[in-house]
Amino acid sequence: MADMRENSLFLLKAQATYQKAFIEAVAELQALEHDRYYVEQNLDIEQLKQKRFFKDYLKKIKQQESGSNLPICRVPQTVYWLMEKQADGQLIWIGRVAIRHQLNENLRRIGGHIGYVIRPSARHQGYGCQLLDLTLEKICQGQPKIDTEQALLTCDETNLASKKIIEKNGGIFSSSSEQEAPLPRKLLYWVPYT
Ligand SMILES: CC(C)(COP(=O)(O)OP(=O)(O)OC[C@H]1O[C@@H](n2cnc3c(N)ncnc32)[C@H](O)[C@@H]1OP(=O)(O)O)[C@@H](O)C(=O)NCCC(=O)NCCS
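These figures come from a predicted structure and were not determined experimentally.

Right, let's get into the pairing of strand β2 (residues 77-85). Burial runs high along β2: eight of the nine residues are buried. Bridge analysis of β2 against strand β3 (residues 91-100) gives nine bridges, and the strand direction is antiparallel. For Trp81, the partnering residue across the bridge sits in β3 and is Arg96. A loop of five residues connects β2 with β3, the two strands running antiparallel in sequence, and Gly89 in this loop sits at a positive phi of about 90°.

Take a look at the structure:
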C-alpha cells in the first residue's frame, strides 16, 4: 500500500502500471551525461518499452530484494520509486531510492545503506530532502530492516546537494574516505531513523 501524504508524495515499489512514467524519467536522466550516480543510466530505453523486457526488469528488482541470484559482492536491496500525484490524478515519477539491507566492506567505505536520484526536471525543489525523509520512515517501519541502528549515508564531498539532504535529515558526520583518483573524497554520515 502506498504511503500517501498531504502533498501526494509517496514511495512505491517498482511496478508495470507506471512503465511509461518511468521511461520518460529515465530518458531525462540519460540526457544528463555529467551525472554518474544512478543505475538507470545503463538501461536501454527501446528495450524498456517492450512489455516482456520491462517485466524482466521488475523481476530483477524483486530478486535483488529477496537476495536470489545476487552477483558476488552485492547485498539484498529494496528499491522504491518516489511518485507524486498531480491534481488530475496522474502520477509523475520523481525519483528512486535503493536501500541496502546490510553493509559489506565496500558499502561501509563508499556506498552506505542508501542511494538515491531525483530526475533533473524535479531538482532544487526539495524532493531530495523529502525522499530521504520518507526512506528513513520506511526503514523505521522495517521496510526493509537494515543491519545497524542508524543508516550509513555517504556522498562525494563535492556533492553539496546530497550533503545538505543528509545533514537536514539528521546525519552526523562520521569520517571521510578516499576514492580512486580523480574522484573526490567520500563523506560518511550516520543517520538515525527511529
Ligand atoms: C543530489 C540530488 C538527489 C538532490 O536532489 P534535489 O531534489 O535537487 O535536492 P533538494 O531540492 O532537496 O535540495 C537539497 C539542498 O541542496 C541544495 N542544492 C540543490 N542542488 C544544489 C547544488 N547543485 N549545489 C548546491 N546546493 C544544492 C538545495 O538548495 C537544498 O538546500 P536548501 O534546502 O538549504 O535550499 C539530485 O541532484 C540528484 O539526483 N543528483 C544525481 C544523483 C546523486 O547525486 N545522488 C546522491 C548520491 S550521494
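What follows concerns the sheet that holds β2. Reading across the sheet, the four strands line up as β1-β2-β3-β4 and stay open at both edges, with antiparallel pairing between neighbours. Where the open sheet ends on each side, the last strands, each with one partner, are β1 (9-13) and β4 (114-118). Pairs of neighbouring strands in the sheet enclose a mean axial angle of 25°, with direction left out of account. Of the strand pairs in this sheet, β3 and β4 are connected by five bridges, and their pairing is antiparallel. Looking across to β4, one finds that Val97 is bridged to Tyr116.

Moving on, we get to the nonpolar core. Residues Leu82, Ile114, Tyr116 and Leu153 are the most contacted members of the largest nonpolar core, which totals 27 residues. For this core, the elements supplying multiple residues, two or more each, are β1, β2, β3, β4, α5 (127-140), β5 (150-156), α6 (160-168) and β7 (186-192). Sorting elements by how many residues they give to this core places α5 first, with six residues. With residues up to four places along the chain from it excluded, the contact list for Ile114 reads Val97, Ala98, Ile99, Arg100, Leu132, Thr135, Leu136, Ile139, Ala151, Leu152 and Leu153. Counting 24 residues, the second largest nonpolar core, distinct from the first, contains Phe22, Ile45, Leu48 and Val79.

Okay, the packing of aromatic side chains next. If you walk through the whole model with that rule in mind, you get seven aromatic pairs. Centre to centre, the rings of Phe22 and Tyr57 are 5.7 Å apart; their planes meet at 20°, and the pair counts as stacked. Residue Phe22 is located in helix α1 (residues 19-30), and its partner Tyr57 is located in helix α3 (residues 51-66); the two are separated by 35 residues in the primary sequence. The exposure class of Phe22 is buried, given its relative accessible area of 0%. Considering the side-chain rings of Phe173 and Tyr189, the 5.6 Å spacing of their centres and the 75° angle between planes classify their relative orientation as edge-to-face. Residue Phe173 is found in strand β6 (residues 172-177), and its partner Tyr189 is found in strand β7; the two are separated by 16 residues along the sequence. Using a relative accessible area of 2% as the deciding quantity, one classes Tyr189 as buried.

Moving on: the site of the ligand. What surrounds the ligand is a group of 21 residues, the closest being Tyr116, Ile118, His124, Gly126 and Lys168. Separating an oxygen atom of the ligand from a backbone N or O atom of Cys129 is a distance of 3.0 Å. In the environment of the ligand, an oxygen atom lies 2.3 Å from a nitrogen or oxygen atom belonging to the side chain of Lys168. Among the elements of the structure, β4, α5, β5 and α6 are those that each provide at least two residues to the shell around the ligand. Considering each element in turn, the shell around the ligand owes the most residues, six residues, to α6.

Right, let's talk about the packing of α5 against α6 for a bit. At a closest axis distance of 9 Å, the pairing of α5 and α6 adopts a crossing angle of 45°. It follows that α5 is oblique to α6 by the angle criterion. Here α5 runs over α6; the crossing is right-handed. In this structure, α5 contributes Gly128, Cys129 and Leu132 to the contact, and α6 contributes Ile165, Ile166 and Lys168. Residue composition of the contact of α5 with α6, grouped by class: four nonpolar, one polar and one charged.

Taking strand neighbours across the sheet as the criterion, the three strands line up as β5-β7-β6 in an open arrangement whose pairing is antiparallel. Lying at the two open borders of the sheet, with one neighbouring strand each, are β5 and β6. For this sheet, the mean angle separating the axes of adjacent strands, direction not counted, is 25°.

Rules used throughout
- Residues numbered from 1 in each chain as written.
- Predicted model: local features only at pLDDT ≥ 70, side-chain atom pairs only at ≥ 80, totals over all residues.
- Heavy atoms only, no water.
- Buried < 20%, exposed > 50% of the residue type's maximum accessible area, 1.4 Å probe, protein only.
- Helix = DSSP H or I, 4+ residues; strand = E, 2+ residues; numbered from the N terminus.
- Pairing = 2+ DSSP bridges.
- Axes fitted to C-alpha atoms, helices over the stretch in contact; angles between N-to-C directions.
- Core = buried A, V, L, I, M, F, W, Y, C linked by side-chain atoms within 4.5 Å.
- Contact = heavy atoms within 4.5 Å.
- Phe/Tyr/Trp six-rings, centres within 6.5 Å; stacked < 30°, edge-to-face > 60°.
- Near = heavy atom within 4 Å.
- Polar contact = N/O pair within 3.5 Å; in protein donor to acceptor, adjacent residues only side chain to side chain.
- Parallel < 35°, antiparallel > 145°, perpendicular 65-115°, else oblique.
- Left-handed = near helix turned anticlockwise from the far one by under 90°.
- Nonpolar A, V, L, I, M, F, W, Y, C, P; charged D, E, K, R; others polar.

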